[in-house]
Amino acid sequence: MRRAAGAIKSRFGDALHLWVDICLCASTTHGHCAVLDEAGRIDLGPTLDALAAMAVAVADVGADGVSPSDMMDGRTAHLRAALDARGHGRVPIMSYSTKFASQFYGPFREAAGSAPQFGDRRHYQIDVRARRDALASSVRCANEGADLLMVKPGMTSIDLIGPIASATGRPVGAYQVSGEYAGLLGLAAQGLTKLDAALLETWYVFRRAGAAYIITYGARQAREFGLS
């Protein structure tokens with residue numbers, strides 16, 4: 001990841017604002033977002049250290065921001081402390097602060113080969129029914145130093161955007177994940193909707209709900225629409 005981030009910034013410089021996802025799932029043989037102990041349980045201390053080392057490494061080669069997506073307890077504060085100690089106090093953290101254990105991540109996991117080899121991620125991602133936990137998770141990330149917050153998946157979390165922004169005073173974004181985007185592609189392929197119009201509708205709804213920014217697999221279409 002360090003080499004890739006460095007190569008991207010070397011080629012594009014300030015013409016491209018590079019945010020790097022910080023997680024361990026692609027670096028472990030088991031596919032979970034953490035270092036596990038011999039019993040298969042999360043070993044939190046080594047996990048936080050590994051995440052912090054990853055964030056510092058990409059900041060060292062020019063990453064403009066880091067985005068922890070692992071959902072480990074205390075990771076935002078740990079990353080902030082590590083970045084500051086390395087002299088990267090101006091590198092912002094965009095936290096995946098309210099991330100649900102969702103059925104809508106399938107296309108990405110298939111493409112990236114990042115599905116867990118055993119169990120699932122429900123013991124560290126948020127239950128979709130747990131509104132109080134969802135709000136508390138973003139508040140905690142804000143209190144730990146996150147500059148921007150996020151709900152994921154976006155389309156099933158629009159009821160949380162406004163309350164999180166009100167509770168934290170931070171910009172809150174919506175992540176339109178792979179399954180949400182693929183669902184629109186599937187409808188369009190069957191002639192049941194017009195893809196461009198459907199994408200625009202979802203983005204307008206995110207903005208109506210108060211999203212300060214949107215992450216979407218349809219970003220290229222947004223550029224074609226003249227949106228930014």
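Look up: the structure comes first, before these words.
Residues numbered from 1 in each chain as written. Predicted model: local features only at pLDDT ≥ 70, side-chain atom pairs only at ≥ 80, totals over all residues. Heavy atoms only, no water.

Asks: Give me helix α2 (residues 44–60): which residues, what numbers.
Replies: Between its first and last C-alpha, α2 extends 24 Å over 17 residues, near the 24 Å set by a 1.5 Å rise per residue. Residues of α2 that are buried include every one of T47, L48, L51, A52, M54, A55, V56, A57, V58 and A59, and no others. Turning to α2, the residues buried within the fold contact α1 (2–12), β1 (19–22), β2 (65–68) and α3 (75–85). Positioned one or two residues after α2, G62 has a phi angle of 110 degrees, which is positive. (Helix = DSSP H or I, 4+ residues; strand = E, 2+ residues; numbered from the N terminus. Expected span 1.5 Å × (residues − 1). Buried < 20%, exposed > 50% of the residue type's maximum accessible area, 1.4 Å probe, protein only. Contact = heavy atoms within 4.5 Å.)

Asks: Account for the sheet that holds strand β3 (residues 98–99), with residues named and values stated.
Replies: Taken together, the 4 strands give an open sheet; going across it, the order is β3-β4-β5-β6, and neighbouring strands pair in parallel fashion. Here the strands that pair on one side only, and so sit at the sheet edges, are β3 and β6 (213–216). The sheet contact formed by strand β5 (residues 172–176) and β6 spans 4 bridges and is parallel. Residue G173 lies in a different strand from β6, and its bridge partner there is Y213. Packed onto the sheet, helix α6 (residues 158–168) meets β3, β4 (149–152) and β5 and runs at close to 160 degrees relative to β4. (Pairing = 2+ DSSP bridges. Axes fitted to C-alpha atoms, helices over the stretch in contact; angles between N-to-C directions.)

Asks: Describe the environment of P92, with residues and values.
Replies: With respect to the element layout, P92 can be found in the loop between α3 and β3. Spatially, the C-alpha atom of P92 lies 17 Å from that of A174, the residues being 82 residues apart in sequence. Leaving out residues up to four positions away in the same chain, P92 has contacts with W19, D64, G65, V66, R80 and D147.

Asks: Which residues make up the pairing of β5, and what values go with them?
Replies: Here β5 lies mainly inside the structure; 5 of its 5 residues are buried. Judged by which residues are buried, β5 turns out to be covered on both faces: V172, A174 and Q176 on one side and G173 and Y175 on the other are all buried. Alignment of β4 against β5, held across 3 bridges, turns out to be parallel. Along β5, the bridge assignment pairs M150 with G173. Taking the sense of rotation as the criterion, the β-α-β connection linking β4, α6 and β5 turns out right-handed. (Right-handed = clockwise from strand over helix to strand, strands pointing away.)

Asks: Residue-level account of the pattern of salt bridges, with values.
Replies: On inspection of all chains with the given rule, the structure shows 10 salt bridges. Three or more residues joined by partner-sharing salt bridges are found here, namely R2, D60 and R86. (Salt bridge = Lys/Arg side-chain N within 4 Å of Asp/Glu carboxyl O.)

Asks: Can you tell me about the nonpolar core, naming the residues and giving the values?
Replies: Core analysis: the largest hydrophobic core is formed by 26 residues, its most contacted members being I22, V66 and L79. Counting only elements with at least two residues in this core, the list comes to β1, α2 and α3. The leading source of residues in this core is α2, at 8 residues. In this structure, V66 is in contact with W19, V20, I22, A55, V58, L79, L83, V91, P92, I93 and M94, ignoring residues within four places of it in sequence. Residues M71, L199, W203 and A222 belong to the second largest nonpolar core, which totals 25 residues. (Core = buried A, V, L, I, M, F, W, Y, C linked by side-chain atoms within 4.5 Å.)

Asks: Describe in detail the side chain of S102, supporting the description with residues and values.
Replies: Among the structural elements, S102 can be located in the loop between β3 and α4 (106–112). Assessed through its relative accessible area of 11%, S102 is described here as buried. There is a polar contact of 3.0 Å between the side chain of S102 and the backbone nitrogen of F104. Sequence-distant contacts of S102, that is, excluding residues within four places in its chain, are made with Q125 and P153. (Polar contact = N/O pair within 3.5 Å; in protein donor to acceptor, adjacent residues only side chain to side chain.)

Asks: Just give me the short version of the environment of D14, but keep the residues and values in it.
Replies: Its place among the elements puts D14 in the loop between α1 and β1. Residue D14 is classed as exposed on the basis of its relative accessible area, which comes to 79%. With 50 residues separating them in the primary sequence, D14 and D64 have C-alpha atoms 9.1 Å apart.

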